[in-house]
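The primary structure of each chain is shown beneath.
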Amino acid sequence: MRAFIAVPILMVMLTGRSCRPSNAESPFSYTIQKSVVAGNGAVVSAHPLASRVGVEILKQGGNAVDAAIAVQLALAVVYPGAGNIGGGGFMVAHLQDGRNIAIDYREAAPAAASRDMYLDSSGNPVMSLSQRGHLSAGVPGTVAGLFASLKYGSLPFENLIRPAIELAEKGFAITASEANGLNRLQEDFKRYNSSKTAFEKESGWNTNDTLLQPELAETLKRIRDNGQKGFYEGETARLIVEEMKKGNGIITRDDLMNYAAKERTPVVFDYKGYTLVSMPLPSSGGIIIEQCLKMIENKGIEQMGFHSADAVQLMVEAERRAYADRAEYMGDPDFYKAPVARLVEADYLEKRMADFVPGKAGSSESVKAGQFPKESEETTHISIADKWGNMVAVTTTLNDHYGSRTVVSGAGFVLNDEMDDFSVKPGVPNMYGAIGTEANAIVPGKRMLSSMTPTIILKENTPFLVVGTPGGTTIPTSVFQSIVNVIDFKLSPSDAVNKPKFHHQWLPDEVFVEEDFPAATLDSLRQMGYKITPRGKIGRTEMIKIKKEGQEYRLEAVADHRGDDAAEGY
Ligand code: GLY
């Protein structure tokens, strides 16, 4: 049942192809649907073709995990600026048998990486090295993550990868925003690649041009035929290592062979009668939303009103304190012992908010990380729910838009620039302005700290919400707002996702707001002493709200209006 009329975005002037009727749903003529109410399954992702692939898998009898694998592979083709096989990600899922799982396939530092590898001889950071080109790439994790997820699915892998191979081989029409994004990066593609990539076009890209990726199709076929080894060994590994040699990259065959996805214990906590399940370290996301929600839990935010200055101030002050802790304490748990249990203790969080003064701006000069006795933007999110009660939230990333801008020659996929998510030097901000310390310093094999926050929520042990977003350090604060919008302010999923957002991350000590944030609220916040900084869009949130009706589920799926994101269901 469709609750919302699809918005046609593509007419059909295709390079080298005849026009087709605009209502024919094909990779060359499709629509973007922003919301849907479904009874059997729903998928929300950054691209309509990928969301459709997910629903097709559900219709074939696949479950939400099968659909998540197929959607990630499809996004690697139709949304190559963030969807990927050359990056990494996290999956959080609630399975119909009651289990909650978290799979970590974050990129890792190569064995030859070292703490000061991005500093010049005077000890100054050279951010172009951690953010662009071969040296900025961590060892990719996505393909290992797909195979680690496969045991929770039910369909053969061949079925899940087939749509991606077809899209790469036969091509698809690009949207206006993809054409704009590709045009902006033409110089970078030339600078960071020695052979011409599928993403370059001398005359410039136009809406509805066909993007063909034959080399990527061959790589996907090797993965189909050889499984994980089709990426981490053999021809694909050889091509990655060859590519590294062209640009002073350091990923070796051993780095690729040694990479493994890891199952982690998810962050699970209660908030006002709901159970939240989110990603643990090496993502800071789950801990940050637990800290933020617990810091506001007994402050009566539901009475303050949505977007009121009081509510925004309370949430900003919680964010300030959580991000101060992030900078000091969070990193890969296999390399640095973060005081996770203490960071979310009720007593600790109450003390953290003891100096909160309603109506008066806090200061990041006085609010530092909490103290303990010594112990030790471009991302994309997928939300899926099926008719059996499985819920899957996946956030995956290349880091920046088109990652390192380096495409593995002969293999056709973009490499991440995730090394920039490490703290390249204590106190030096990364591309998101986030700073870090020892906890997130570079060590061979270590995974860089992330903000990705794939999250699912249960109400009385029954599926209730699947949510997540891209956006670097704005990810946890966007997810935090979406959850408060639904649980405390009772907003509809569409409003919870689409209303203007704000963000505070301790340093810089500014409240970032979307351009259309209510002016009266901003005036009040300025009077309290906050520095307000308008900025571009925050988050592209994908949400599914679930209601159990008898033995069936009603799935209300919403795709963020900020991008080409699309909701599909049946
Ligand atoms: N690269 C963005 C993140 O993982 O937080």
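The tally for this structure, following the rule as stated, stands at 40 salt bridges. Of the charged contacts, one joins R264 and D334 as a salt bridge, the two residues approaching to 3.2 Å between their closest N and O atoms. Of this pair, R264 sits in strand β9 (residues 262-264) while D334 sits in the loop between α14 (309-329) and α15 (340-343), placing them 70 residues apart in sequence. E317 is the partner of R321 in a salt bridge, and the nearest nitrogen-oxygen pair spans 2.8 Å. With R321 and E317 both in helix α14 and four residues apart, the pair spans about one turn of that helix. Of the residues examined, R321 reaches a relative accessible area of 2% and is grouped as buried. A relative accessible area of 1% places E317 in the buried class. Through salt bridges that share partners, D104, K262, R264, D332, D334 and R447 make up one connected network.

Right, let's talk about helix α6 (residues 176-184) for a bit. Residues E178, A179, G181 and L182 constitute the buried set of α6. Along the long axis of α6, the arc covered by the buried residues comes to 165°, so they all point the same way. Its buried side turned inward, α6 meets α2 (64-78) and α7 (186-191).

Moving on to the nonpolar core. By size, the foremost hydrophobic cluster in this structure holds 87 residues, and its most contacted members are L276, I301, I483 and I544. With twelve residues, α14 is the single largest residue contributor to this core. Those residues in contact with I544 that lie beyond four places of it in its chain are A42, V43, V44, S383, I384, A385, F464, L465, V466, L555, E556 and A557. Counting residues in each nonpolar core, the second largest holds 84 residues, with L155, L216, I382 and V394 among its members.

This part covers the site of the ligand. Looking at the ligand, the residues that line it are R106, T379, T397, N399, E418, D421, S450, S451 and M452. Residue D421 places a side-chain N or O atom 2.7 Å away from a nitrogen atom belonging to the ligand. Protein burial of the ligand: of its 200 Å² of free accessible surface, 99% is covered by the chains. Looking at the shell around the ligand residue by residue, the class counts come to one nonpolar, five polar and three charged.

What follows is about unusual backbone geometry. The linkage connecting L281 with the following residue, P282, adopts the cis geometry, with an omega of 15°. Tracing the backbone shows P282 in the loop between β11 (274-278) and α12 (285-296). L507 connects to P508 through a cis peptide bond whose omega is -5°. By the secondary structure assignment, P508 is in the loop between β16 (502-503) and β17 (511-514). Positive phi, close to 60°, is recorded for N248, a residue that is not glycine. Residue position: N248 is located in the loop between α10 (234-246) and α11 (253-258). Of note in the backbone geometry, E460 takes a positive phi value of approximately 50° without being a glycine. Turning to its location among the elements, E460 is positioned in the loop between β14 (455-459) and β15 (462-468). The exposure class of E460 is exposed, given its relative accessible area of 70%.

The next point concerns the environment of Q131. Here Q131 shows up in helix α3 (residues 127-131). The spacing of Q131 and I301 is 170 residues in sequence and 39 Å in space, taken between C-alpha atoms. Once you skip the residues sitting within four places of it in the chain, Q131 turns out to touch S136, G403, S404, D417, D420, N430 and M431. Engagement of the side chain of Q131 in a polar contact is seen with the side chain of D420, the distance being 3.2 Å.

Attention now goes to the sheet that holds β9. Here we have seven strands laid out as an open sheet, ordered β9-β6-β5-β13-β12-β4-β21, and antiparallel in their pairing. The two strands at the open ends of the sheet, each matched to only one other strand, are β9 and β21 (566-569). Here the average twist between neighbouring strands, direction ignored, is 15°. Direction of pairing for strand β12 (residues 378-386) relative to strand β13 (residues 391-399): antiparallel, over a ladder of eight bridges. The partner of A385 across the bridge, within β13, is M391.

Reading guide: rules and limits
- Residues numbered from 1 in each chain as written.
- Predicted model: local features only at pLDDT ≥ 70, side-chain atom pairs only at ≥ 80, totals over all residues.
- Heavy atoms only, no water.
- Salt bridge = Lys/Arg side-chain N within 4 Å of Asp/Glu carboxyl O.
- Helix = DSSP H or I, 4+ residues; strand = E, 2+ residues; numbered from the N terminus.
- Buried < 20%, exposed > 50% of the residue type's maximum accessible area, 1.4 Å probe, protein only.
- Arc of directions from axis to C-beta.
- Contact = heavy atoms within 4.5 Å.
- Core = buried A, V, L, I, M, F, W, Y, C linked by side-chain atoms within 4.5 Å.
- Near = heavy atom within 4 Å.
- Polar contact = N/O pair within 3.5 Å; in protein donor to acceptor, adjacent residues only side chain to side chain.
- Areas by Shrake-Rupley, 256 points an atom, 1.4 Å probe, with all protein chains shown as cover.
- Nonpolar A, V, L, I, M, F, W, Y, C, P; charged D, E, K, R; others polar.
- Pairing = 2+ DSSP bridges.
- Axes fitted to C-alpha atoms, helices over the stretch in contact; angles between N-to-C directions.

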